[in-house]
Amino acid sequence: CGRNPLLAYFVAGEQAILEALILAQANLPDCAEARAASLQELKHTLSWVAYREIETFCALCQVRNQGAAGGAHQDAQHAPASPA
């Protein structure tokens, strides 16, 4: 439904953390493989935490419960089925 405030929270958080990682890596010797691995690990971990938190919040959603009766709201609209 897109009403979960954690959706925007985690997008902004991911952007800030990735930017911090890039700035920290700028002072390290150039090693493209290590940088790419760090970036992938950070993105994977953030995705898993975001998915778990968003799903928890969505489980409490009153719109989800009303949608089941009205048929207009689908559970799949709340959050991705798996971490991205």
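For the structure, see preceding data.
Keep in mind that what you see is a predicted model, and the values were worked out from it rather than measured. (Residues numbered from 1 in each chain as written. Predicted model: local features only at pLDDT ≥ 70, side-chain atom pairs only at ≥ 80, totals over all residues. Heavy atoms only, no water.)

### Considering the overall build of the protein chain
In step 1: In terms of regular secondary structure, the protein chain is built from three helices and zero strands.
In step 2: Reading the protein chain from its N terminus to its C terminus gives the helix and strand order α-α-α.
In step 3: Relative to its 84 residues, the protein chain shows a buried fraction of 18%.
In step 4: Looking at the protein chain alone, contacts between residues at least 24 apart form 67% of all its contacts between residues at least 6 apart.
In step 5: Only carbon and sulfur atoms are counted for the fraction: they give 62% of the accessible area of the protein chain, which is about 6000 Å². (Helix = DSSP H or I, 4+ residues; strand = E, 2+ residues; numbered from the N terminus. Buried < 20%, exposed > 50% of the residue type's maximum accessible area, 1.4 Å probe, protein only. Contact = heavy atoms within 4.5 Å. Areas by Shrake-Rupley, 256 points an atom, 1.4 Å probe, with all protein chains shown as cover.)

### Points about the side chain of Gln-25
In step 1: One can find Gln-25 in helix 1 (residues 6-25).
In step 2: Judged by relative accessible area, which is 11%, Gln-25 ranks as buried.
In step 3: Excluding its chain neighbours within four sequence positions, the residues that come into contact with Gln-25 are Ala-34, Arg-35 and Ser-38.

### What about the pattern of salt bridges?
In step 1: Throughout the structure, instances matching the rule amount to two salt bridges.
In step 2: As a salt-bridge pair, Glu-14 and Lys-43 come within 3.5 Å of each other at their nearest N and O atoms. Remark: Lys-43 occurs in helix 2 (residues 32-59) and Glu-14 occurs in helix 1; sequence separation between them is 29 residues.
In step 3: Residue class for Glu-14 comes out partly exposed when judged on its relative accessible area of 23%.
In step 4: Residue class for Lys-43 comes out partly exposed when judged on its relative accessible area of 32%.
In step 5: A salt bridge links Arg-52 to Glu-53; its shortest N-O distance comes to 3.9 Å.
In step 6: Overall, Arg-52 belongs to the partly exposed group, its relative accessible area being 40%.
In step 7: Look at Glu-53 and you get partly exposed, because its relative accessible area is 33%. (Salt bridge = Lys/Arg side-chain N within 4 Å of Asp/Glu carboxyl O.)

### Section: the side chain of Asn-4
In step 1: Relative to the assigned elements, Asn-4 resides in the segment before helix 1.
In step 2: For Asn-4, a relative accessible area of 5% corresponds to the buried category.
In step 3: In this structure the side chain of Asn-4 is engaged in a polar contact, spanning 3.3 Å, whose partner is the backbone oxygen of Ile-54.
In step 4: Filtering out sequence-adjacent residues up to four positions away, Asn-4 remains in contact with Ile-54, Phe-57 and Cys-58. (Polar contact = N/O pair within 3.5 Å; in protein donor to acceptor, adjacent residues only side chain to side chain.)

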